[in-house]
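Residue-level listing of the chains:
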Amino acid sequence: MTRAVLGVIGGSGIYDLPGLEGLEDVAVASPWGEPSDVLRRGRIGTTEIVFLPRHGRGHHYSPSDINYRANIDVLKRAGVTDLVSLSAVGSFKGELPPGHFVLADQFVDRTYLRPSSFFGRGCVAHVAFSHPVAPLLQKRIARAAEAEGIAHQVGGTAVCMEGPAFSTLAESLFHKGQGWDLIGMTSMPEAKLAREAEISYAFVGMVTDFDAWHEEVGPVDVSQVIHHLHSNADKGRRLVARLARDFPADHEPCPIHSDRALEHAVITAPEHRDPDLVAKLDAVAGRVLGR
Ligand SMILES: CSC[C@H]1O[C@H](OP(=O)(O)O)[C@H](O)[C@@H]1O
Ligand SMILES: Nc1ncnc2[nH]cnc12
């Protein structure tokens, strides 16, 4: 049995988690570079929580500048077993208006400026990623949303764009035409890296706008986005508090093996592995690389 540690990545508008007991800030070093901020550790009830604001406190990293590898690496080093990603998103559906939460479980990666794997030359690994979200964690979040009376949809597809500018009208109509639900700028490569690090991951998209497609609403209005960011942030914090309150003491083995994703993934023969890369992988892949 592994003790559960609930990680929370706060997105735009969520730079803190009030209500943590026994709070301490811990600067965790990573061989992958600078994470977005120090980790804030604490407890809600008996559940251990580790919180990291994705853009840093003060929001100084743009979506393309975030060191996603360092963020996931330090969360792994802190013992995080289950990770909830909170993210402000645009919606492609009239029935998913600002204020709605969407527990997306599919992603389309349209980013192009971000390293998206811990692995590479000298240690190649291929993890399964057809189902990026851990179903038991998603179910627990859905129950917490229900209990808190937060309007939400379970499941959905989020496209991740590079940003930081919002989409053109043509892009927005194209994305909507695909039948996708949401657009954001940060789910990728975060979700992929969590899988490589064998952390069970779930995503909460908190809708702030209708992107650019909506004829009556028009283009994204940043002042409206910020208004909704603030009201969503309060609900997001309530959601996490409820999730934590009812969280099991031990990590629940993931039925789709998101917590064992590296079991057969490393393909480079031991004698051909780059010792420097293997050393950097101590936290993420130590379980299978024998470190
Ligand atoms: C302020 S709206 C655009 C900004 O908000 C989202 O950030 P996050 O996913 O961290 O909540 C979006 O991805 C953009 O970075
Ligand atoms: N319309 C949008 N496009 C991309 N990211 C977003 N985050 C919030 N709203 C967004």
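Treat the numbers as computed from the prediction; the structure is a model and nothing was measured.

The rules behind the values
- Residues numbered from 1 in each chain as written.
- Chains lettered and ligands numbered in written order.
- Predicted model: local features only at pLDDT ≥ 70, side-chain atom pairs only at ≥ 80, totals over all residues.
- Heavy atoms only, no water.
- Helix = DSSP H or I, 4+ residues; strand = E, 2+ residues; numbered from the N terminus.
- Rg over C-alpha atoms; globule rule 2.2 N^0.38 Å.
- Buried < 20%, exposed > 50% of the residue type's maximum accessible area, 1.4 Å probe, protein only.
- Contact = heavy atoms within 4.5 Å.
- Areas by Shrake-Rupley, 256 points an atom, 1.4 Å probe, with all protein chains shown as cover.
- Lys, Arg positive; Asp, Glu negative; His and termini not counted.
- Charge placed at Lys NZ, Arg CZ, Asp CG, Glu CD.
- Near = heavy atom within 4 Å.
- Polar contact = N/O pair within 3.5 Å; in protein donor to acceptor, adjacent residues only side chain to side chain.
- Nonpolar A, V, L, I, M, F, W, Y, C, P; charged D, E, K, R; others polar.
- Salt bridge = Lys/Arg side-chain N within 4 Å of Asp/Glu carboxyl O.
- UniProt positions renumbered as here; feature names shortened; annotations may be inferred.
- Expected span 1.5 Å × (residues − 1).

## What about the overall build of the chain?
At step 1: When helices and strands are tallied, the chain shows 7 helices and 11 strands.
At step 2: Expected size for 291 residues packed as a compact globule is a radius of gyration near 19 Å; at 18 Å, the chain falls within 12% of this value.
At step 3: Counting only C-alpha atoms and orienting by the principal axes, one finds that the chain spans roughly 60 × 40 × 35 Å.
At step 4: In the chain, which comprises 291 residues, the share counted as buried stands at 55%.
At step 5: Residue pairs in contact within the chain that sit at least 24 positions apart in sequence constitute 81% of those at least 6 positions apart.
At step 6: Per element, the accessible surface of the chain, about 12400 Å² overall, is 53% carbon and sulfur.
At step 7: The average position of the 29 basic charges and that of the 36 acidic charges among the side chains of the chain differ by 4 Å.

## Looking at the site of ligand 2
At step 1: Near ligand 2 you find Ala88, Val89, Gly90, Met161, Phe166, Ile183, Gly184, Met185, Thr208, Asp209, Asp211 and Val220, and these make up its full shell.
At step 2: Aspartate 209 has a polar side-chain atom sitting 2.6 Å from a nitrogen atom of ligand 2.
At step 3: Calculation on ligand 2 without its partners gives an accessible area of 260 Å², and the protein chains cover 94% of this total.
At step 4: At the level of elements, strand S5 (82–91), strand S10 (182–184) and strand S11 (200–209) are the ones that each hand at least two residues to the shell around ligand 2.
At step 5: Ranked by the residues each element gives to the shell around ligand 2, the list is headed by S5, at 3 residues.
At step 6: Of the residues assigned to the shell around ligand 2, the class counts are 7 nonpolar, 3 polar and 2 charged.

## Concerning the pattern of salt bridges
At step 1: In the structure shown here, the tally under the stated rule is 19 salt bridges.
At step 2: Between arginine 40 and aspartate 25 there is a salt bridge, with its nearest N and O atoms 2.7 Å apart. Residue arginine 40 is found in strand S3 (residues 39–44), and its partner aspartate 25 is found in strand S2 (residues 21–26); the two are separated by 15 residues along the sequence.
At step 3: Judged by relative accessible area, aspartate 25 falls into the partly exposed class, the value being 41%.
At step 4: The salt bridge involving arginine 54 is made with glutamate 190; its shortest N-O contact spans 2.9 Å. Here arginine 54 is found in the loop between strand S4 (47–53) and helix H1 (68–77), whereas its partner glutamate 190 is found in helix H4 (residues 187–196), with 136 residues between them in sequence.

## What about the UniProt feature "binding site: phosphate" (unreviewed entry) in the chain?
At step 1: The residues that UniProt annotates with the feature "binding site: phosphate" (unreviewed entry) are Ser12, Arg54, His55, Ser87, Ala88 and Thr186. Spanning 175 residues, the named residues form one tight spatial group whose C-alpha atoms are at most 12.1 Å apart.
At step 2: Tracing the backbone shows serine 87 in strand S5.
At step 3: In this view, serine 87 contacts Arg54, Thr186, Phe203, Val204, Gly205 and Met206; residues no more than four positions away in its chain are not counted.
At step 4: Turning to its location among the elements, threonine 186 is positioned in the loop between S10 and H4.
At step 5: Since its relative accessible area comes to 5%, threonine 186 is described here as buried.
At step 6: Excluding residues that lie within four positions of it along the chain, threonine 186 makes contacts with Arg54, His55, Pro63, Ile66, Tyr68, Ser87, Arg114 and Cys160.

## Looking at helix H5 (residues 222–245)
At step 1: Across its 24 residues, H5 extends 34 Å between first and last C-alpha, which sits within 8% of the 34 Å expected from 1.5 Å per residue.
At step 2: Regarding H5, the residues found buried are Val225, His228, Leu229, Asn232, Ala233, Lys235, Gly236, Leu239, Val240, Arg242, Leu243 and Ala244.

## Section: the site of ligand 1
At step 1: Neighbouring residues of ligand 1: Gly11, Ser12, Arg54, His55, Pro63, Ser87, Ala88, Gly184, Met185, Thr186 and Val225.
At step 2: Contacts to ligand 1 include serine 87, whose side-chain N or O atom sits 2.6 Å from an oxygen atom.
At step 3: Within the backbone of methionine 185, an N or O atom sits 2.9 Å from an oxygen atom of ligand 1.
At step 4: Considering ligand 1 on its own, with 390 Å² of exposed area, one finds that the protein chains cover 87% of that surface.

## Notes on the environment of isoleucine 150
At step 1: Note that isoleucine 150 resides in the loop between helix H2 (135–148) and strand S8 (152–154).
At step 2: Counting along the chain gives 51 residues from isoleucine 150 to glycine 99, while the straight-line C-alpha distance between them is 8.8 Å.
At step 3: Those residues in contact with isoleucine 150 that sit more than four places away from it in its chain are Phe101, Ala145, Lys235, Arg238 and Leu239.

## Considerations on the side chain of glutamine 138
At step 1: Position of glutamine 138 among the secondary structure elements: in helix H2.
At step 2: Excluding anything up to four places from it in sequence, glutamine 138 contacts Leu103, Asp105, Val133, Val154, Gly155 and Ala202.

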